[in-house]
Amino acid sequence: SILIVDFGSQVTQLIARRVREAGVYSEIAPFSLAEEAFHRMKPKGIILSGSPASVPDEGSPRAPQILFDSGLPILGICYGQQVMSQQLGGEVRPGHETGDGGEFGRAFLTVTKNCALFDGLWAEGERHQVWMSHGDKVTQFAPGFEIVATSDGAPFAVIADEKRRYYGTQFHPEVVHTPDGGKLLANFVHKVCGLAGDWTMAAYRDTKIAEIREQVGDGRVICGLSGGVDSSVAAILIHEAIGDQLTCVFVDHGLLRLNEREQVESLFRDHYNIPLVVVDAEERFMAGLDGVSDPEKKRKFIGGEFIAVFEEEANKLGGADFLAQGTLYPDVIESVSFTGGPSVTIKSHHNVGGLPERMNMKLVEPLRELFKDEVRVLGRELGLDEQFVGRHPFPGPGLAIRIPGEVTKERCDILRKADAIYLEEIRNAGLYDAIWQAFAVLLPVKTVGVMGDHRTYDSVCGLRAVTSTDGMTADVYPFDAGFLTGCATRIVNEVQGINRVVYDYTSKPPGTIEWE
Ligand code: XMP
């Protein structure tokens, strides 16, 4: 395995992800716990992450000395390179002293010498694109090191001590903007550390099942199911680990898609035999949404009410020791501000935050290290039906944030029909899996139309479809015009209350994926 020492970079999890992609198991340990993790894991190699800290600053984090004494291969990335250089006798100077402001973004380096890290990938004299993000830099490397690649802003773009198998990159190989980064990391774990690359998601599943058993003991776990892929995979995994110590609660807030509740019931209750409580809470949600049209007010009400319903059900079950959630890594980074300072709230995300403290429950979050596509692989590993595994994300506040303005049951019913037609067309055209998320919205605007000899005066339906890798940025899906015309015709003909259809051509940013 590989031990990744985390100095607080926002992209440390991406290092773990690339290592997983190379078929090698890794664990991330914060620098303060790295020594303990080192003894426990007995890794075959070490990666030191980047950091928002500055090596020359007093009190900035250091790697435990034992890592350097261990004789294991080490790859230092950005801050990792700097801290390694400093600790092994080199020098790092802050950006303001070296007279430049550092490098941020795309850069090109030139390979000056072959080394094991570049093996079969980069050769001497070649230029390659990398992603830099640093203010400080190494100004004197440590004894034993030599330069193997250089760039204008970072003379020590890559340094190596091949004898000790130490490598340092000033750039970030873990991000996609370094096109060969994944392969460099694979070279490190395969060729430098000598690991086979035979680790799979099946092994991840076994590790997590053991961890869940250990964490939960004979405690009781309650899981809020949304029917989305994340909470479904979390629930199935936890059920495999602890069986009927798990109870799932599915809240039908009346803001679900067509037949969604039935699908969830049949999958979990009938197929997986997981204890499932379905709460019919449509009335109270509709009552609470009455007269509310501000997006944040809707989100806050739904989030709060959801917690209230959930808490009532948990109490009816006699309480629980743990709350299970399908939190993914992007949820973790989106909710933690990088600088520690206040970050701007674009949308109040819906989750059951606050509940664990109030009910004195601990969290079980077995997917916290994974990205969406990895969760899908894990879902397949758990035998989850392809229809669920490949499902588009659906927001917690449901249709309420796809009905700008006031939400009523009637409008939800109209939207459900339009949305189902749109998705059916997408599936029939074989496009569902090529799209990250596609849905209809119902606008609070009426326009005039003509059907037969009659004047109509009905609502406008918007269609949205985007591609994305993580929901943080998104591009519009380029349907051909004929496809959209077909959807528009069907929706206007088949859904009473809609007489016009428009397509949303906004990417994210500047738009968001959902309309509210
Ligand atoms: P936005 O609209 O912010 O959405 O571009 C990004 C992704 O997040 C989903 N989304 C939510 N998911 N609770 C969720 O569980 C929420 O409150 C929520 N709001 C947006 C959205 O569907 C998209 O996939």
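Conventions and cut-offs
All residue numbers refer to positions counted from 1 along the written sequence of the respective chain. The model is predicted, so local features are restricted to residues of pLDDT at least 70 and side-chain atom pairs to those at 80 or more, both for listing and for counting; the totals for chains, interfaces and linings are taken over all residues. Strands here mean DSSP runs of E at least two residues long; helices mean DSSP runs of H or I at least four residues long; both are numbered from the N terminus. The globule rule used here is 2.2 Å times the number of residues to the 0.38 power, and the radius of gyration it is set against is calculated over C-alpha atoms. Field definition: a residue is buried when 20 or more other C-beta atoms are found within 10 Å of its C-beta, exposed when 12 or fewer are, and partly exposed for counts in between, with C-beta atoms placed from the backbone. UniProt positions are given in the numbering used here, feature names are shortened, and annotations may be inferred rather than shown by experiment. By definition, residue pairs are in contact when their C-beta atoms, positioned from the backbone, come within 7 Å. Buried Ala, Val, Leu, Ile, Met, Phe, Trp, Tyr and Cys residues form a nonpolar core when they are connected through C-beta atoms within 7 Å. DSSP bridges decide pairing: two strands pair if at least two such bridges lie between them. Whenever a helix is involved, its axis is fitted only over the stretch in contact; in every case the axis is a line through C-alpha atoms, and angles between N-to-C directions fall within 0 to 180 degrees. Each domain's extent is set by a domain assignment, obtained either automatically or from a database. Each angle gets one of four labels, with under 35 degrees taken as roughly parallel, over 145 as roughly antiparallel, 65 to 115 as roughly perpendicular, and the rest as oblique. The crossing is said to be left-handed when, going from far helix to near helix, the turn is anticlockwise and less than a right angle, and right-handed when the turn is clockwise. By the convention adopted, Pro, Cys, Tyr, Trp, Phe, Met, Ile, Leu, Val and Ala count as nonpolar, Lys, Arg, Asp and Glu as charged, and the other residues, Gly among them, as polar. An expected span of 1.5 Å times one less than the residue number is assigned to each helix. Taking the helix axis as origin, the arc is that swept by the directions to the C-beta atoms. Looking down the strands as they point away from the viewer, one classifies a crossover as right-handed if the path from the first strand across the helix to the second runs clockwise.

1. Thoughts on the overall build of the protein chain
Then, in step 1: Each helix and strand counted, the protein chain has 17 helices and 20 strands in total.
Then, in step 2: Here the protein chain has a C-alpha radius of gyration of 26 Å; the compact-globule value for 516 residues is 24 Å, and the two agree.
Then, in step 3: Seen along its three principal axes, the alpha-carbon backbone of the protein chain occupies a region of about 85 × 55 × 40 Å.
Then, in step 4: Looking at the protein chain as a whole, 41% of its 516 residues qualify as buried.

2. Section: the UniProt feature "binding site: ATP" (unreviewed entry) in the protein chain
Then, in step 1: This chain's UniProt record puts "binding site: ATP" (unreviewed entry) on Ser226, Gly227, Gly228, Val229, Asp230, Ser231 and Ser232.
Then, in step 2: When you line up the elements, Gly228 lands in the loop between β12 (221-225) and α8 (229-242).
Then, in step 3: Judged by the 19 C-beta atoms lying within 10 Å of it, Gly228 is partly exposed.
Then, in step 4: In this structure Gly228 touches Arg391, Pro393 and Phe394, once residues within four positions along its chain are discounted.
Then, in step 5: Among the secondary structure elements, Asp230 is positioned in helix α8.
Then, in step 6: Excluding residues that lie within four positions of it along the chain, Asp230 makes contacts with Gly326, Leu328, Leu367 and Val375.

3. As for the nonpolar core
Then, in step 1: Among the nonpolar cores identified, the biggest contains 80 residues, and Val221 and Ile238 are the most heavily contacted of them.
Then, in step 2: Apart from the residues lying within four places of it in its own chain, the contact partners of Ile238 are Ile212, Val221, Cys223, Leu246, Ala324, Val364 and Pro366.
Then, in step 3: The next biggest cluster of nonpolar side chains, apart from the first, holds 61 residues, and it includes Ile77, Val92, Val189 and Val192.

4. Remarks on the sheet that holds strand β13 (residues 246-252)
Then, in step 1: Read across the sheet, five strands follow the order β14-β13-β12-β15-β16 without closing on themselves; strand pairing throughout is parallel. At either end of the open sheet lies a strand with only one pairing partner, and these are β14 (276-280) and β16 (362-364). This sheet shows a mean twist of 30 degrees between the axes of neighbouring strands, independent of strand direction.
Then, in step 2: Where strand β15 (residues 322-324) and β16 come together, three bridges link them in parallel fashion. Across the sheet, Ala324 pairs through a bridge with Val364, a residue of β16.
Then, in step 3: Sheet contacts for helix α9 (residues 260-271): β12, β13 and β14; angle to β14, the most-contacted strand, approximately 165 degrees.

5. A few points about the domain arrangement of the protein chain
Then, in step 1: By domain assignment, the protein chain separates into domain 1 (2-192), domain 2 (201-389) and domain 3 (408-503).
Then, in step 2: Computed over C-alpha atoms only, the centres of domain 1 and domain 3 are separated by 48 Å.

6. A closer look at the packing of helix α1 (residues 12-21) against helix α6 (residues 181-192)
Then, in step 1: Contact geometry for α1 and α6: axes closest at 9 Å, N-to-C directions at 70 degrees. Viewed along their axes, α1 and α6 adopt a mutual orientation that is roughly perpendicular. As for how α1 packs across α6, the hand of that crossing is right-handed. Each of Arg18, Val19 and Glu21 in α1 lies in contact with α6, whose residues at this interface are Gly182, Leu185 and Val189.
Then, in step 2: When the residues that make up the contact of α1 with α6 are grouped by side-chain class, the tally is three nonpolar, one polar and two charged.

7. Quick look at helix α7 (residues 201-216)
Residue pairs three or four apart in sequence face the same way in an α-helix, which turns once every 3.6 residues.
Then, in step 1: The end-to-end C-alpha distance of α7, which contains 16 residues, comes to 22 Å, matching closely the 22 Å that a straight helix rising 1.5 Å per residue would cover.
Then, in step 2: By the burial criterion, the buried members of α7 are Tyr204, Lys208, Ile212 and Val216. What you see down the axis of α7 is that its buried residues fit within an arc of 80 degrees, all on one side. Turned more than 90 degrees away from the buried face of α7 sit Ala202, Ala210 and Glu214, all of them exposed.
Then, in step 3: Where α7 is buried, its residues touch β12, α8, β15, β16 and α14 (372-381).
Then, in step 4: Immediately beyond the C-terminal end of α7, within one or two residues, lies Gly217, with a positive phi of roughly 60 degrees.

8. Regarding the packing of helix α10 (residues 282-289) against helix α11 (residues 295-316)
For any two helices packed against each other, one specifies the inter-axial angle together with the distance between the axes.
Then, in step 1: Their axes nearest at 10 Å, the elements α10 and α11 cross at an angle of 150 degrees. With respect to their mutual orientation, α10 and α11 come out roughly antiparallel. Crossing angle aside, the handedness with which α10 passes α11 is right-handed. Judged by residue contacts, Arg284, Phe285, Gly288 and Leu289 of α10 engage Lys298, Phe301, Ile302 and Glu305 from α11.
Then, in step 2: A class-by-class count of the residues in the contact of α10 with α11 yields four nonpolar, one polar and three charged.

9. Brief notes about unusual backbone geometry
Then, in step 1: Following Lys508, the chain continues to Pro509 via a peptide bond in cis, the omega torsion being -20 degrees.
Then, in step 2: In this structure, Pro509 sits in the segment after β20 (498-503).
Then, in step 3: Positioned with a positive phi, Arg165 is a non-glycine residue whose angle comes to about 60 degrees.
Then, in step 4: Structurally, the position occupied by Arg165 is in the loop between β10 (158-161) and β11 (166-169).

10. Some remarks on the sheet that holds strand β6 (residues 103-111)
Sheet strands line up and pair through hydrogen bonds in the backbone, either parallel or antiparallel.
Then, in step 1: Spatially, nine strands are ordered β2-β1-β3-β4-β11-β10-β9-β6-β7 in an open sheet, and the strand pairing comes out mixed. Looking at strand neighbours, the two that pair on one side only are β2 (26-30) and β7 (127-134), the edges of this open sheet. Adjacent strand axes in the sheet meet at a mean angle of 20 degrees when their direction is disregarded.
Then, in step 2: Pairing analysis gives three bridges linking strand β9 (residues 146-151) to β10, with the strands arranged antiparallel. When the bridges of β10 are listed, Glu146 appears paired with Ala160.
Then, in step 3: The strands touched by helix α4 (residues 79-87) are β3 (45-48), β4 (74-77) and β11; relative to β4, the strand with the most contacts, the crossing angle is about 120 degrees.
Then, in step 4: Helix-sheet contacts for α6 involve β1 (2-6), β3, β4 and β11, and the interaxial angle to β3 is about 155 degrees.

11. Structural notes on helix α16 (residues 409-428)
Then, in step 1: Taking 1.5 Å of rise per residue, the 20 residues of α16 would be expected to cover 28 Å, and the 28 Å separating its terminal C-alpha atoms lies within 8% of that figure.
Then, in step 2: What α16 keeps buried is the set Cys412, Ile414, Leu415, Arg416, Ala418, Asp419, Ile421, Tyr422, Leu423, Glu425 and Ile426.
Then, in step 3: Where the residues of α16 are buried, they touch β17 (437-451), β18 (454-467), α17 (481-494) and β20.
Then, in step 4: Immediately beyond the C-terminal end of α16, within one or two residues, lies Gly430, with a positive phi of roughly 70 degrees.

12. Structural notes on the pairing of β14
Then, in step 1: Where β13 lies against β14, five bridges are found, and the strand directions are parallel. Bridge pairing in β14 places Cys248 opposite Leu276.
Then, in step 2: Once you follow β13 into α9 and on to β14, the crossover reads as right-handed.

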